[in-house]
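Here is how the chains run, residue by residue.
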Amino acid sequence: MASIIESCWLYLITHFSDFQLASLGSFLLHESVFFLSGLPFIYLERAGLLSKYKIQTKNNNPTAQEKCITRLLFYHFSVNLPLMILSYPVFRFMGMRSSLPLPSWKVILTQIIFYFILEDFVFYWGHRVLHTKWLYKHVHSVHHEYATPFGLTSEYAHPAEILFLGFATIVGPAITGPHLITLWLWMVLRVLETVEAHCGYHFPWSLSNFLPLYGGSDFHDYHHRLLYTKSGNYSSTFVYTDWIFGTDKGYRKLKALKHNGVEGGRKQT
């Protein structure tokens, strides 16, 4: 397996420059993973499939969904792509490389875990700041246009927010100067995580059912349903930062009420 990955990587670095791989390659990889993972949730919502796992009963109409896709394409090409191009010299300066040999899985895993922990903490505070009155009204309210989120709404945001919260995603790699393959893996996992958090469905196989510290769709969907001053649940991936700073109390109370209601119903039957 390792030899196959190295052979594929050798082909890439032989036929494309570092700049092409790190900027254009990263952009194409991001777009592919984002839309391939996010579009199926639009189909599920329109077709009414797996509706028993849908967190909210309300559905988005096709016009709202199409508006989201159109805006996303505009923002991705006008903000994300230039940002990836302009950030290339910074990552090179910080030590990013694409040459062989590839890093060991131990190194990759350690860096990815570090990125998730650091991103979640930085995102929490950036997101919480965006919920102050002025910033919410002028910036973050764009993201909250969709009170019933679906996968693609994860990146539907004001350009200023894309830059502001995007810092949380790149600060870890900027510190460690990773191999490009580590950076790509981090980007893929981060995209899949944020799409899942906004998907609007809580399945039996959802990761939050198996990892107690992972927030997932149920945790973040609550954030979208409430008014900006009372929402809480500001973290991107994990739940412990909200718990430490007491910004998940409403969510925990609601979960307890639902649990007690279910238990009470069982006892009556």
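Treat the numbers as computed from the prediction; the structure is a model and nothing was measured.

Engineer: Just checking my understanding: could you explain the environment of Thr 241 for this structure?
Structural biologist: Residue placement: Thr 241 occurs in helix H9 (residues 240-244). On the basis of relative accessible area, Thr 241 is assigned to the buried category, the value being 2%. Distance in space between the C-alpha atoms of Thr 241 and Thr 110 is 21 Å, their sequence separation being 131 residues. When sequence neighbours within four positions are dropped, the list of residues in contact with Thr 241 reads Asp 120, Phe 121, Tyr 124 and Ser 235.

Engineer: Could you clarify how one ought to interpret the UniProt feature "transmembrane region" (unreviewed entry) in the protein chain in this entry?
Structural biologist: Here the UniProt feature "transmembrane region" (unreviewed entry) sits at residues 21-43, 73-95, 107-126 and 162-186. With 100% helix and 0% strand, residues 107-126 has its two end C-alpha atoms placed 28 Å apart. When the span residues 162-186 is considered, its composition is 88% helix and 0% strand, and the gap between its end C-alpha atoms is 17 Å.

Engineer: What is the right way to look at a nonpolar patch on the surface in this model?
Structural biologist: On the surface, Tyr 43, Leu 49, Leu 50, Trp 205, Leu 207, Phe 210 and Leu 211 cluster together into a nonpolar patch covering about 740 Å² of accessible area. Among the structural elements, Phe 210 can be located in the loop between helix H7 (180-197) and helix H8 (216-225). With relative accessibility at 56%, the residue Phe 210 sits in the exposed group.

Engineer: Please clarify how the packing of helix H1 (residues 2-15) against H7 should be interpreted in this entry.
Structural biologist: Where H1 contacts H7, the axes come no closer than 12 Å and their chain directions differ by 105°. Regarding the angle of H1 to H7, the classification is roughly perpendicular. Residue-level inspection shows Ile 5, Trp 9 and Leu 12 of H1 in contact with H7, the latter providing Leu 180, Ile 181 and Trp 184. For the contact of H1 with H7, the class distribution of residues is six nonpolar, no polar and no charged.

Engineer: How should helix H6 (residues 159-176) be read in this particular structure?
Structural biologist: Every α-helix winds through 3.6 residues per turn, so residues three or four apart in the chain are directed the same way. Taking 1.5 Å of rise per residue, 18 residues should cover 26 Å, and H6 covers 26 Å from first to last C-alpha, within 8% of that figure. Bending of H6 peaks at approximately 40° at the position of Ile 170, with proline Pro 173 no more than four residues after it. Here the buried face of H6 lies against helix H3 (62-93), helix H4 (105-130) and H7. A positive backbone phi angle near 60° is found at Gly 177, which sits one or two residues after H6.

Engineer: Explanation requested: unusual backbone geometry in the structure shown.
Structural biologist: Peptide bonds are, in most cases, trans, and in most cases residues other than glycine have a negative phi. Put simply, Leu 100 and Pro 101 share a cis peptide bond, and its omega is 5°. Even without a glycine there, the phi angle at Leu 50 is positive, about 55°. With respect to the element layout, Leu 50 can be found in the loop between helix H2 (18-47) and H3. The phi dihedral of Asn 233 is positive, around 50°, even though this residue is not glycine. Tracing the backbone shows Asn 233 in the loop between H8 and H9.

Engineer: So what exactly am I meant to see when it comes to the packing of aromatic side chains here?
Structural biologist: Ring pairs (aromatic) are described by centroid distance and by the angle formed between their planes. One pass over the structure, following the stated rule, counts 22 aromatic pairs. On the basis of an interplanar angle of 75° and a centroid distance of 4.9 Å, the ring pair of Trp 125 and Phe 245 is categorised as edge-to-face. Within this pair, whereas Trp 125 is found in helix H4, its partner Phe 245 is found in the loop between H9 and helix H10 (249-268), the two being separated by 120 residues in sequence. For the pair Tyr 146 and Phe 150, a centre-to-centre distance of 5.6 Å together with 90° between the ring planes defines the contact as edge-to-face. By relative accessible area, Phe 150 is classed as buried at 0%. One aromatic cluster is present, formed by Phe 41, Tyr 53, Tyr 201, Phe 203 and Trp 205 through successive ring pairs. The residue whose ring lies beneath Arg 190 is Phe 123, and the NZ or CZ to ring-centre distance is 5.8 Å.

Reading the values: rules and limits
- Residues numbered from 1 in each chain as written.
- Predicted model: local features only at pLDDT ≥ 70, side-chain atom pairs only at ≥ 80, totals over all residues.
- Heavy atoms only, no water.
- Helix = DSSP H or I, 4+ residues; strand = E, 2+ residues; numbered from the N terminus.
- Buried < 20%, exposed > 50% of the residue type's maximum accessible area, 1.4 Å probe, protein only.
- Contact = heavy atoms within 4.5 Å.
- UniProt positions renumbered as here; feature names shortened; annotations may be inferred.
- Patch = residues over 30% accessible without salt bridge, like charges linked within 9 Å, V, L, I, M, F, W, Y side chains within 5 Å.
- Areas by Shrake-Rupley, 256 points an atom, 1.4 Å probe, with all protein chains shown as cover.
- Salt bridge = Lys/Arg side-chain N within 4 Å of Asp/Glu carboxyl O.
- Axes fitted to C-alpha atoms, helices over the stretch in contact; angles between N-to-C directions.
- Parallel < 35°, antiparallel > 145°, perpendicular 65-115°, else oblique.
- Nonpolar A, V, L, I, M, F, W, Y, C, P; charged D, E, K, R; others polar.
- Expected span 1.5 Å × (residues − 1).
- Bend = angle between axes of the 7 residues up to and from the residue.
- Phe/Tyr/Trp six-rings, centres within 6.5 Å; stacked < 30°, edge-to-face > 60°.
- Lys NZ or Arg CZ within 6 Å of the ring centre and 35° of its normal.

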